[in-house]
Amino acid sequence: MREEDRKRKLVMEKLKNSVLFRLKALNPSASINSTHASCIEDRLQHLFKSVRTPTHPPYAQMIKRAIKEMNEENGSTEEAISEFIGREYEDLPFAHLTVLNVHLRKLCIDGVLVCRESGRYVLLVDRDNVKDTPNQRRKRTAKSFACDNGLRTE
């Protein structure tokens, strides 16, 4: 079996199990037999004829690479990061901009990136050597939150 076929089968199996689990959660007293499971599997295969795994690396990795390689003095805008990723990687999802925004916010929350007041993202190279007072850390987090929610603190 080809690797792609194996991945497709695994994805479809997970999807089928998820649907069965949700059906059981909706009505715990209902009995779901193999005929039901087979019917669900057939319908899923009909609905999702071309299930495939993307070939690009994880978004966090693509974002970090974009910021490092663009090496902009004041950080990189979301638009610039998006354009870089679009040029460098194929097979991006239809909702690329939404997915990118979610991952930028998550990286800010995790302390990997900082969103400056100007809306530019900067990669924190070595967080252990960043010497902040607790008050400065709170301000940075508040700024990141503001930027993530489309607010400007300028």
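Residues numbered from 1 in each chain as written. Predicted model: local features only at pLDDT ≥ 70, side-chain atom pairs only at ≥ 80, totals over all residues. Heavy atoms only, no water.

- Within an unreviewed UniProt entry, the label attached to the protein reads H15 domain-containing protein, and the organism entered is Flemingia macrophylla.
- Here the protein is described in UniProt, under the heading Subcellular location (unreviewed entry), as follows: "Nucleus". (UniProt positions renumbered as here; feature names shortened; annotations may be inferred.)

1. Overview of a nonpolar patch on the surface
Then step 1. A cluster of nonpolar side chains, contributed by Leu23, Leu26 and Ile32, occupies part of the molecular surface with about 280 Å² of accessible area.
Then step 2. Relative to the elements of secondary structure, Leu26 occurs in helix H1 (residues 3-26).
Then step 3. Leu26 gets classed as exposed once you look at its relative accessible area, which sits at 73%. (Patch = residues over 30% accessible without salt bridge, like charges linked within 9 Å, V, L, I, M, F, W, Y side chains within 5 Å. Areas by Shrake-Rupley, 256 points an atom, 1.4 Å probe, with all protein chains shown as cover. Salt bridge = Lys/Arg side-chain N within 4 Å of Asp/Glu carboxyl O. Helix = DSSP H or I, 4+ residues; strand = E, 2+ residues; numbered from the N terminus. Buried < 20%, exposed > 50% of the residue type's maximum accessible area, 1.4 Å probe, protein only.)

2. Examining the packing of helix H4 (residues 78-88) against helix H5 (residues 96-109)
Then step 1. Following both chains from N to C, one finds H4 and H5 inclined at 120°, their axes separated by 11 Å at the closest point. Considered as vectors, H4 and H5 are oriented oblique to each other. As H4 packs across H5, the resulting crossing turns out to be right-handed. On the side of H4, the interface is formed by Glu78, Ile81, Ser82 and Ile85, while H5 contributes His96, Leu97, Leu100, Asn101 and Leu104.
Then step 2. Class assignment for the residues of the contact of H4 with H5 results in five nonpolar, three polar and one charged. (Axes fitted to C-alpha atoms, helices over the stretch in contact; angles between N-to-C directions. Parallel < 35°, antiparallel > 145°, perpendicular 65-115°, else oblique. Left-handed = near helix turned anticlockwise from the far one by under 90°. Contact = heavy atoms within 4.5 Å. Nonpolar A, V, L, I, M, F, W, Y, C, P; charged D, E, K, R; others polar.)

3. Examining the nonpolar core
Then step 1. Formed by 18 residues in total, the largest nonpolar core has its most connected members in Ile63, Ile81, Leu113 and Tyr121.
Then step 2. Of all elements in the fold, only helix H3 (59-70), H4, H5, strand S1 (113-115) and strand S2 (121-123) reach the threshold of two or more residues within this core.
Then step 3. The element contributing the most residues to this core is H3, with five residues.
Then step 4. Apart from residues no more than four positions distant in its own chain, Ile63 is found in contact with Ile81, Ile85, Leu100, His103, Leu104, Leu107 and Leu113.
Then step 5. Grouped together as the second largest cluster of nonpolar side chains are five residues, Met12, Leu20, Ala37 and Leu44 included. (Core = buried A, V, L, I, M, F, W, Y, C linked by side-chain atoms within 4.5 Å.)

4. So, the confidence of the model for the protein
Then step 1. Here the protein shows a mean pLDDT of 79. Residues at 70 or above account for 77%.
Then step 2. Contacts of residues 127-140 to residues separated by more than four positions or lying in other chains number nine contacts, the stretch itself having pLDDT below 50. (pLDDT = per-residue confidence, 0-100.)

5. Quick word on the pattern of salt bridges
Oppositely charged side chains can form a pair if their charged atoms are brought close together.
Then step 1. As enumerated under the stated definition, the model contains six salt bridges in all.
Then step 2. Put simply, Glu13 and Lys16 hold a salt bridge, and the shortest N to O gap is 3.5 Å. With a gap of three residues between them, Glu13 and Lys16 both fall in helix H1, about one helical turn apart.
Then step 3. With a closest N to O distance of 4.0 Å, Glu72 and Arg120 form a salt bridge. With Glu72 in the loop between H3 and H4 and Arg120 in the loop between S1 and S2, this residue pair connects regions lying 48 residues apart in the sequence.
Then step 4. A residue is classified by how much of its surface remains accessible, and Arg120, at 27% relative accessible area, is partly exposed.
Then step 5. One connected set of salt bridges, linked through shared partners, spans Glu13, Lys16 and Glu41.

6. Here we look at helix H2 (residues 34-47)
Then step 1. Under the 1.5 Å per step criterion, the end-to-end length of H2 is 20 Å for 14 residues, consistent within 8% with the ideal 20 Å.
Then step 2. Within H2, burial applies to Ala37, Ile40 and Leu44. The buried residues of H2 occupy one face: seen down the axis, they fall within an arc of 65°. Exposed residues lying more than 90 degrees from the buried face of H2 are Thr35 and Cys39.
Then step 3. Packing partners of the buried residues in H2 comprise H1.
Then step 4. In this structure Asn33 caps H2, since a side-chain oxygen of it lies 3.0 Å from the backbone nitrogen of Thr35. (Expected span 1.5 Å × (residues − 1). Arc of directions from axis to C-beta. Polar contact = N/O pair within 3.5 Å; in protein donor to acceptor, adjacent residues only side chain to side chain.)

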